[in-house]
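# Structure assessment
If you want the building blocks of each chain, they are given just below.
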Amino acid sequence: MPVTIYGIPNCDTMKKARTWLESHGVAYAFHDYRASGLPPQTLDGWVKELGWQVLLNKASTSFRALPEGDRQDIDEKKAKALMLANPTMIKRPVLDLGDRLLVGFKPDIYEREVDRK
């Protein structure tokens, strides 16, 4: 199964992750979830594997711009609805290696996890 990196193109962390993949000769598909959205079943799988708390980026501009009431009492259902409505609230990048997911970019983790693919 090919490697897929999910995120938005103008994110600095995404740029670093993509540069790392390219410099290490890792072929990948890029899924821009701002332009293409994110299928609910994909998010469901991510939440099942990682937990919504790992995926919801409460530090994002999009999340902080929400009305106070929308930022309160978040549970899995509410978190998934927020992330589907505005995928920029999902931490970036999400790297799908086929048999596991990585969230965020840390070169040492990519070195360890991607190279064992």
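Every chain's residues receive numbers from 1 upward, in the order its sequence appears when written. Thresholds applied to this predicted model are a pLDDT of at least 70 for local features of residues and 80 or more for the giving and counting of side-chain atom pairs; totals over whole chains, interfaces and linings are not thresholded and use all residues. Heavy atoms from the whole structure form the basis of all side-chain values; hydrogens and water molecules are not counted.

Secondary structure follows DSSP: runs of H or I at least 4 residues long count as helices, runs of E at least 2 residues long count as strands, and numbering of each begins at the N terminus. With respect to the helices, strands and loops of the structure, alanine 81 is situated in helix α5 (residues 76-85). Using a relative accessible area of 45% as the deciding quantity, one classes alanine 81 as partly exposed. In this structure the C-alpha to C-alpha distance between alanine 81 and proline 40, which are 41 residues apart in sequence, comes to 9.2 Å. Per-residue accessibility, obtained with a 1.4 Å probe over protein chains only, is compared with the maximum for each type, and a residue is labelled buried under 20%, exposed over 50%, and partly exposed between these values.

Turning next to the pattern of salt bridges. Salt bridges are counted wherever a side-chain nitrogen of Lys or Arg sits within 4 Å of a carboxyl oxygen of Asp or Glu. By the definition in use, this model includes 6 salt bridges. Aspartate 44 serves as the salt-bridge partner of lysine 80, at 2.9 Å between the closest nitrogen and oxygen. With lysine 80 in helix α5 and aspartate 44 in helix α2 (residues 40-50), this pair connects stretches of sequence that are 36 residues apart. On the accessibility criterion, lysine 80 (19% relative accessible area) is buried. The partly exposed category is assigned to aspartate 44, whose relative accessible area is 36%. Across the pair glutamate 68 and arginine 71 runs a salt bridge whose closest N-O atoms are separated by 3.0 Å. Put simply, Asp99, Arg100, Arg112 and Glu113 are held in one network by salt bridges that share partners.

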